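Structure assessment
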Amino acid sequence: QAKAAAERDAISYHAGMETGALQKKRLEAALREAIEREELSLVYQPIVRAADLQVTHVEALLRWNSPTLGFVSPGEFVPVAEETGLIHELGRFVVRRACTDLADWPGLKVSVNVSPAQLRDPNFANDLVAITRRHGSAPGRFTLELTEGLLVRNPTIAKRKLARLKALGFSLSLDDFGTGFSSIGYLRQFPFDALKIDRSFVADLGANPTANALIQSMVALGDAMDIEVVAEGVETGEQLRLLRLLRCEYLQGYHIAKPLKVADLGALFERLGGERRLILEGGSGDG
Ligand code: C2E
Ligand code: MG
Ligand code: MG
Ligand code: MG
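Keep in mind that this is a model prediction, so the values were computed, not measured.

1. Observations concerning the coordination of the magnesium ion (ligand 4)
With distances of 2.4 to 2.6 Å, the protein atoms coordinating the magnesium ion (ligand 4) are Asp-176 (OD), Asp-198 (OD) and Glu-232 (OE). Spacing between the donor residues of the magnesium ion (ligand 4) along their common chain follows D-x21-D-x33-E. For the pair the magnesium ion (ligand 4) and the magnesium ion (ligand 3), the metal-to-metal distance amounts to 2.9 Å, and Asp-176 bridges them. Of this pair, Asp-176 sits in strand 6 (residues 171-177) while Glu-232 sits in the loop between strand 8 (228-231) and helix 11 (237-245); the two residues are 56 residues apart in sequence, bridging distant segments of the chain. You can call Glu-232 buried: its relative accessible area is 11%.

Now the structure itself:
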């Protein structure tokens, strides 16, 4: 009896493993086709200045609507793309599509996420510049969002690559700040223009006094380094209020605006007029 159960468990465990590997293979194949068949698109989430809620940037976020798999989140397919090398093609797609989607608003800056694997590609910087030029845009319009992991593995090379990207005109932003392990002194070596406080800290605001102190120290760090500080994942009016109190300069999150299809972004800008200042329900538009 026990032996049969053990065997059954062993089989189902093994089958589970196989399913995992198989699922990844399927996902890889489907993703390869998705790129060819243009099943991928971008949504754009506004980033606003806290003081007046003017939309200064949008962050481009990948969306995949697969005819066979349905909506697949970037949390699922980006890691597969990284492992299989498809990320390079995805990365070029993102910049190309952002250039064409946002051509009507040349003054609007756009942030794109960049995986560590992309930065390791020796053609990365040149490809990006070429794409922006080909579409009548320029690197100056783009902020590249990078994560800490990238800096830790090979800081010397990372420093050189980031310096080159800066020299070409790109802005650099440190994404998900606070979730890694790098020290303040360590970060100072890298030429970032902005840091984005990870949404886990924002989520704890108000509920947990340490979160307020941590955000305060991140804002102070940004001031000391003379770089911009963006809070991610602002979901409530109370978080917005506290982030303003803590002098966080830029905000992003569902309470401010959801990621929008380009048509909806256009409709929003139409409504807001030239200043592009958001009006939030509850009237927290002016600080
Ligand atoms: P990220 O760069 O930190 O992007 C922010 C994520 O938080 C997005 O999830 C966004 O939809 C979500 N978000 C925005 N506001 C809120 C909020 O108020 N509350 C909560 N809970 N979430 C919020 P998304 O679009 O699912 O993307 C997840 C991650 O996938 C991104 O995290 C980024 O690391 C990666 N990703 C997305 N697009 C790309 C891409 O084009 N290239 C690469 N390499 N990675 C991408
Ligand atoms: Mg990001
Ligand atoms: Mg982030
Ligand atoms: Mg985050």
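2. Remarks on the coordination of the magnesium ion (ligand 2)
Distances from the magnesium ion (ligand 2) to its protein donors, Glu-59 (OE), Asn-113 (OD1), Glu-145 (OE) and Asp-175 (OD), fall at 2.0 to 2.2 Å. Positions of the donor residues of the magnesium ion (ligand 2) along the chain correspond to the pattern E-x53-N-x31-E-x29-D. Taken as a pair, the magnesium ion (ligand 2) and the magnesium ion (ligand 3) show a spacing of 3.8 Å, with Asp-175 coordinating each metal. On the criterion of sequence distance, the pair formed by Glu-145 in strand 5 (residues 142-146) and Asp-175 in strand 6 is long-range, its members being 30 residues apart. By relative accessible area, which is 7% here, Asp-175 ends up buried.

3. What about the packing of aromatic side chains?
For the coordinates displayed, the defined rule picks out three aromatic pairs. Relative to Phe-269, the ring of Trp-105 has its centre 5.4 Å away and its plane inclined at 85°; by these criteria the two rings are edge-to-face. Residue Trp-105 is found in the loop between helix 3 (87-101) and strand 4 (109-113), and its partner Phe-269 is found in helix 12 (residues 262-272); the two are separated by 164 residues along the sequence. Take Trp-105: its relative accessible area is 15%, and that puts it in the buried class.

4. With respect to unusual backbone geometry
The residue Glu-38 is not glycine, and still its phi comes out positive at about 60°. On the secondary structure map, Glu-38 appears in the loop between helix 1 (2-36) and strand 1 (40-49). The class for Glu-38 is exposed, based on a relative accessible area of 51%. A positive phi angle, close to 55°, is found at Asp-176, a residue other than glycine.

Cut-offs and rules
- Residues numbered from 1 in each chain as written.
- Chains lettered and ligands numbered in written order.
- Predicted model: local features only at pLDDT ≥ 70, side-chain atom pairs only at ≥ 80, totals over all residues.
- Heavy atoms only, no water.
- Donors = N, O, S within 2.8 Å, 3.2 Å for Na, K, Ca; no water.
- Helix = DSSP H or I, 4+ residues; strand = E, 2+ residues; numbered from the N terminus.
- Buried < 20%, exposed > 50% of the residue type's maximum accessible area, 1.4 Å probe, protein only.
- Phe/Tyr/Trp six-rings, centres within 6.5 Å; stacked < 30°, edge-to-face > 60°.

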